[in-house]
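# Residue-level structural notes
One-letter residues, chain by chain:
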Amino acid sequence: MSPHTVLPAEPGTTGTTETSADRSAEGGDPADTVAAAAPAATARTAPGGPPPGTTAAPASPAAAPPALPGLPQALTGRARTLAGAVRRRCAALAAIESPSGDAPRLDALAEELAAGYRVTGARVRREPGPAGDHLLAEWPGQDESLPHLLVVGHHDTVWPAGTLADWPVEERDGRLTGPGVLDMKAGLAVLEGALALLADLGQRPHRTVRLVVVSDEEVGSPDGRRLVERQLPGAAAVLGLEPPHPDGRLKTARRGSTRVLLSVTGREAHAGNAAEEGVSAVDELVDQLVDVRGLARGPGTELNTGRITGGTRANVVAGRAEAELGLRFDSTEAQRRTLDTLAHLTAHRPGAEVRAEVLSSRPAWPERAVNPLLRHVRSLAAALGQQVDGAPAGGAGDTNLAGARGLPTLDGLGPVGGGPHARHEHVLVEQLPQRIALLAALLAVPLPRLRKP
């Protein structure tokens, strides 16, 4: 086994050719697409049949018609065999620390990810970024004339370098824990595993799959956003590898988010001998933050003051101060209204200057009354013996960029776990096979019609 992949493709295997059923399934009912994929997907099962001791969970008759005799067994059985390797791959990725802004560490992880994806058949290139390289990968599909399927992820984490010294990656009581394990080294590993699974079965994705892995998602994707947006035109659907809700539900909508730097300039002076000659930037910032706090009382807006700095010494009137604000919005209107207010802040003190700078921003991705993509994933999950549902999420991510444009979008396809951004961050190891199989099915089975013609 290559050190860069969870499972190499067998020598001499090739993807199956598209059948007429594949083409007719484009634009059909979700349950029909599963059935239509069966002839191609069952052309070759795992070598020697399903691994000993593994059986597929019974599928719902409504979601998995009789025309699907072999696909669920092949995917679920092979996913169980792969789960241990995917867990080890996740642990290995988490052992490469990659905090946002640390370009050398992020670049080292990007190269490791690129090597693994190449082994599964991807064309990969690194895209330079000011705070670390991004990654672009593409897997050819059975029918490359179809619109591509876009997958988005990130390889930066919120954890500073050195965190592994007192919090190593380890498995305890069925939980793989460590900095960045859930958010989102596990999602990156599961995608690699899903594509390795298809390659091992002699399969290719039904359509071209493009992957964007950005290096700055945890700080709002100020540079990575352009890469994601560049891949949106023509995409049939967009999938996110972020962790799901703690109960495993996928994410069907996200609030908008904006990071704002609130800067105040005052005038320094001796705090004892000439305090009246100074203008305290710290005092002005405190008053501004009290005013800004009122924004969170508006409908659809939440505010978190995440960082405050200012001044130099206790006996010097502070000449500069700043605060980094994290804002979340239920709607585009709430976002517009709040940012307009921040842009027109005025100083309380003569001689002070106040400035609000948007560091990064993501639009709100609203919930859709009808969600054909979620219905399709539910159908695939039922055929695999799983139950999957969806719900809106409070946090924002790069899938906001697609969902806000009305593209069929789902996030939370990473493994189930809990504690992102917290010291109890973990992945539930026993649920890895389900996510590997579901993601593999989602890549291999034709999509139904997701938008009106």
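Residues numbered from 1 in each chain as written. Predicted model: local features only at pLDDT ≥ 70, side-chain atom pairs only at ≥ 80, totals over all residues. Heavy atoms only, no water.

This next bit is on the sheet that holds strand β6 (residues 209-214). Pairing in this open sheet of 6 strands is mixed, and the strands run β1-β2-β6-β3-β7-β14 from one edge to the other. Unpaired on one side and paired on the other, β1 (123-127) and β14 (409-410) mark the two borders of the sheet. Across 4 bridges, the pairing between strand β3 (residues 149-154) and strand β7 (residues 237-240) is parallel. From the neighbouring strand, Leu-149 faces β7, where its bridge partner is Ala-237. Where helix α4 (residues 103-119) meets the sheet, its contacts fall on β1, β2 (134-139) and β6, and the angle it forms with β1 comes to roughly 165°. (Pairing = 2+ DSSP bridges. Helix = DSSP H or I, 4+ residues; strand = E, 2+ residues; numbered from the N terminus. Contact = heavy atoms within 4.5 Å. Axes fitted to C-alpha atoms, helices over the stretch in contact; angles between N-to-C directions.)

Attention shifts here to the packing of aromatic side chains. Enumeration according to the criterion identifies 2 aromatic pairs in this entry. Each ring, one from Tyr-117 and one from Trp-139, has its centre 5.5 Å from the other, and the planes form 80°; the classification is edge-to-face. You can see Tyr-117 sitting in helix α4 and its partner Trp-139 sitting in strand β2, a full 22 residues away along the chain. Each member of the pair, Tyr-117 as well as Trp-139, carries the same accessibility label: buried. Relative to Trp-167, the ring of Trp-159 has its centre 5.0 Å away and its plane inclined at 80°; by these criteria the two rings are edge-to-face. For the residue pair Trp-159 and Trp-167, the accessibility class agrees, reading buried in each case. (Phe/Tyr/Trp six-rings, centres within 6.5 Å; stacked < 30°, edge-to-face > 60°. Buried < 20%, exposed > 50% of the residue type's maximum accessible area, 1.4 Å probe, protein only.)

For α4, which comprises 17 residues, the first-to-last C-alpha distance of 24 Å matches the rise-based estimate of 24 Å (1.5 Å per residue) to within 8%. Looking only at α4, the buried set comprises Leu-106, Leu-109, Ala-110, Glu-112, Leu-113, Ala-114, Ala-115, Gly-116 and Tyr-117. In the core, the buried residues of α4 are packed alongside α3 (71-94), β1, β2, α5 (181-200) and β6. Directly after α4, the chain includes Gly-121, whose backbone phi takes a positive value near 105°. (Expected span 1.5 Å × (residues − 1).)

The next point concerns the packing of α3 against helix α11 (residues 432-444). Helix-helix packing is described using two parameters, namely the angle between the two axes and the distance between the axes. As a packed pair, α3 and α11 sit with axes 8 Å apart at the nearest point and diverge in direction by 120°. Put simply, α3 runs oblique to α11. In the crossing of α3 with α11, the sense of the turn from one axis to the other is right-handed. Of α11, the residues touching α3 (which contributes Leu-75, Thr-76, Ala-79, Arg-80, Ala-83, Val-86 and Arg-87) are Leu-432, Pro-433, Ile-436, Ala-437, Ala-440 and Ala-441. Residues of the contact of α3 with α11, tallied by class, amount to 10 nonpolar, 1 polar and 2 charged. (Parallel < 35°, antiparallel > 145°, perpendicular 65-115°, else oblique. Left-handed = near helix turned anticlockwise from the far one by under 90°. Nonpolar A, V, L, I, M, F, W, Y, C, P; charged D, E, K, R; others polar.)

This part is about the environment of Ala-94. Within the fold, Ala-94 resides in helix α3. Once you skip the residues sitting within four places of it in the chain, Ala-94 turns out to touch Leu-164, Val-169, Pro-179, Val-181 and Lys-185.

As a rule of thumb, soluble globular proteins bury nonpolar side chains together. In terms of nonpolar packing, the biggest core is built from 69 residues, with Leu-75, Tyr-117, Trp-139, Leu-191, Leu-197 and Leu-211 touching the most fellow members. Here this core gets 12 residues from one element, more than from any other, and that element is α5. Not counting the four nearest positions on each side in its chain, Trp-139 is found in contact with Tyr-117, Thr-120, Gly-121, Ala-122, Leu-191, Leu-195, Pro-205, Arg-207, Thr-208, Val-209 and Leu-211. (Core = buried A, V, L, I, M, F, W, Y, C linked by side-chain atoms within 4.5 Å.)

Further remarks concern the layout of surface pockets. Taken as a whole, the largest pocket spans an internal volume of roughly 750 Å³. In this structure, the largest pocket is lined by 36 residues; those nearest its centre are Glu-218, Arg-328, Gly-395, Ala-396 and His-421. Per element, the largest residue contribution to the lining of the largest pocket is 5 residues, and it comes from strand β11 (residues 320-329). Of the residues belonging to the lining of the largest pocket, the class tally is 11 nonpolar, 14 polar and 11 charged. (1 Å grid on protein atoms, 1.4 Å probe; cavity = no way out; pocket = protein on both sides within 12 Å on 5 of 7 lines; lining within 4 Å. Points joined across faces, edges and corners; volume = space filled by probe spheres on them.)

With 13 residues, α11 should cover 18 Å at 1.5 Å per step; its first-to-last C-alpha distance of 18 Å lies within 8% of that length. Most of α11 is tucked away, with 12 of its 13 residues classed as buried. Within α11, burial applies to Leu-432, Pro-433, Arg-435, Ile-436, Ala-437, Leu-438, Leu-439, Ala-440, Ala-441, Leu-442, Leu-443 and Ala-444.

This brings us to the sheet that holds strand β9 (residues 256-265). An order of β10-β11-β9-β12 is seen for the 4 strands of this open sheet, with the pairing classed as antiparallel. Strands with a single pairing partner mark the edges of an open sheet, and in this sheet they are β10 (301-310) and β12 (353-362). The sheet shows a mean angle of 20° between the axes of neighbouring strands, direction not considered. One ladder, built from 9 bridges, connects β9 with β12; its direction is antiparallel. Bridging across to β12, Thr-258 finds its partner in Ser-361. Running over the sheet, helix α7 (residues 281-293) touches β9, β10, β11 and β12 and is turned about 15° from β11.

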